[in-house]
Amino acid sequence: LSLQPTTRSRTGAPPAVPAMATCDVGIFTSLVCFIASVLTLLLGIIYVVLRLEGMDVVFKHCEFLEEDCNYRWRDFFSFRPNVFFDIWTPLLVGVLGTSVHVQIFKLCYFFECLLPHNYVQYAFFMAVTCLFANIGYLGQCGFILGIYSAVCCVICLISRLMHEGQIKLLQTKW
């Protein structure tokens, strides 16, 4: 029941209803995944900052050639895989995911090999983001972001089932 007055044309037909805006499934999927990647990047930055908080570099109390004087610093900035990936995974995955749509984040050619090119690959990337870069970092925030990334994974699969092939890139300024 409409309370708006309606007018009829000369033929007696009701006026034409304006068409609704169309929603492109591929663009929608790319947008929700891009948001998940940006939030993962922010999660990684916050995690690194919180881990750095209270870390001191000792100089006065160290001898000139003391081997373990700044071990806490070395335990944070390390290439040991168990330390490196534990600390830097959300940040790196966030940069990778964001670089799908923002060219300036593609730091090297190697990124092209790691980035998804279709929605099945994007679903896999979102599952990896959920399991390895969100849940387990920053408590409830990371868990909630992990759930969002899992939803993005499902949306990618639905997009593929709706015959979306290649990832539709968002138009960004960068």
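The model shown is predicted, which means the values in this text are computed figures rather than measured ones.

In this section: the state of the cysteines. Defined simply, a disulfide is a covalent bond joining two cysteines at their sulfur atoms. Enumeration over the complete set of coordinates arrives at 1 disulfide. Between the sulfur atoms of C62 and its disulfide partner C69 the distance amounts to 1.2 Å. On the S-S bond that ties C62 to C69, the torsion sits near -50°, and the link is left-handed. Just as C62 is buried, C69 falls in that class too. C33 takes part in no disulfide bond, and the closest cysteine sulfur to it belongs to C156, at a distance of 3.4 Å. No disulfide involves C130; its nearest neighbouring cysteine sulfur is the one of C153, lying 8.0 Å away.

Over its 23 residues, helix α6 (residues 139-161) runs 34 Å from end to end, which matches the ideal 33 Å to within 8%, given 1.5 Å per residue. The complete set of buried residues in α6 reads G142, L145, G146, S149, C152, C153, I155, C156 and S159. Buried positions along α6 lie against α1 (25-52) and α5 (119-134).

With that settled, the discussion passes to the environment of G26. Residue placement: G26 occurs in helix α1. According to the relative accessible area criterion, G26 is buried, its value standing at 0%. With 142 residues separating them in the primary sequence, G26 and K168 have C-alpha atoms 5.8 Å apart.

A word on a nonpolar patch on the surface. A cluster of nonpolar side chains, namely L31, I35, L39, L42, I45, I46, V49 and L50, defines an oily patch on the protein surface of about 650 Å² accessible area. For I35, the location among the structural elements is in helix α1. Here I35 falls in the partly exposed class, since its relative accessible area comes to 35%.

Counting residues in hydrophobic clusters, the biggest one holds 28 residues, and the most contacted among them are C33, Y122 and M126. Contributions of two or more residues to this core are made by α1, α3 (81-98), α5 and α6. Here this core takes 7 residues from α3, the largest share from any one element. In contact with M126, not counting residues within four places along its chain, are C33, A36, S37, S149, C152 and C153.

Right, let's talk about the side chain of T98 for a bit. On the secondary structure map, T98 appears in helix α3. At a separation of 2.7 Å, a polar atom in the side chain of T98 contacts the main-chain carbonyl oxygen of G94. Ignoring sequence-local partners within four residues, the contact set of T98 consists of F34, S37, V38, L41 and F105.

Another point: the pattern of salt bridges. If you walk through the whole model with that rule in mind, you get 4 salt bridges. Close ionic contact of R80 with D75 constitutes a salt bridge, the shortest N to O distance being 2.8 Å. Each of D24, E164 and K168 takes part in salt bridges that share partners, so that together they form one network.

A few words on the confidence of the model for the protein chain. Do not read the fine detail of predicted coordinates wherever pLDDT is low. Residues of the protein chain with pLDDT of at least 70 account for 87%, and the chain-wide mean is 87. Looking at the elements of the protein chain, mean pLDDT is at its lowest for helix α2 (residues 71-76), recorded as 82, and at its highest for α5, recorded as 98. Here residues 1-8 scores under 50 on pLDDT; set against residues more than four positions off or in separate chains, the count is 3 contacts.

As a further point, take the packing of aromatic side chains. The full count for this structure, using the stated rule, is 8 aromatic pairs. Between F76 and F77, the ring centres sit 4.7 Å apart and the planes meet at 75°, which makes this aromatic pair edge-to-face. By relative accessible area, which is 1% here, F76 ends up buried. Owing to a relative accessible area of 39%, F77 belongs among the partly exposed residues under this scheme. Note on Y119 and Y122: the rings are 6.4 Å apart at their centroids and 25° apart in plane angle, and the pair reads as stacked. Here the residue Y119 and the residue Y122 both occupy positions in helix α5, the gap between them amounting to 3 residues, near one helical turn. Summarising the burial analysis for this pair, Y119 and Y122 share the class buried. Here a set of aromatic residues connected by ring pairs shows up, and it is made of W73, F76, F77 and W88.

Each value, and the rule that gives it
- Residues numbered from 1 in each chain as written.
- Predicted model: local features only at pLDDT ≥ 70, side-chain atom pairs only at ≥ 80, totals over all residues.
- Heavy atoms only, no water.
- Disulfide = S-S within 2.5 Å.
- Buried < 20%, exposed > 50% of the residue type's maximum accessible area, 1.4 Å probe, protein only.
- Helix = DSSP H or I, 4+ residues; strand = E, 2+ residues; numbered from the N terminus.
- Expected span 1.5 Å × (residues − 1).
- Contact = heavy atoms within 4.5 Å.
- Patch = residues over 30% accessible without salt bridge, like charges linked within 9 Å, V, L, I, M, F, W, Y side chains within 5 Å.
- Areas by Shrake-Rupley, 256 points an atom, 1.4 Å probe, with all protein chains shown as cover.
- Salt bridge = Lys/Arg side-chain N within 4 Å of Asp/Glu carboxyl O.
- Core = buried A, V, L, I, M, F, W, Y, C linked by side-chain atoms within 4.5 Å.
- Polar contact = N/O pair within 3.5 Å; in protein donor to acceptor, adjacent residues only side chain to side chain.
- pLDDT = per-residue confidence, 0-100.
- Phe/Tyr/Trp six-rings, centres within 6.5 Å; stacked < 30°, edge-to-face > 60°.

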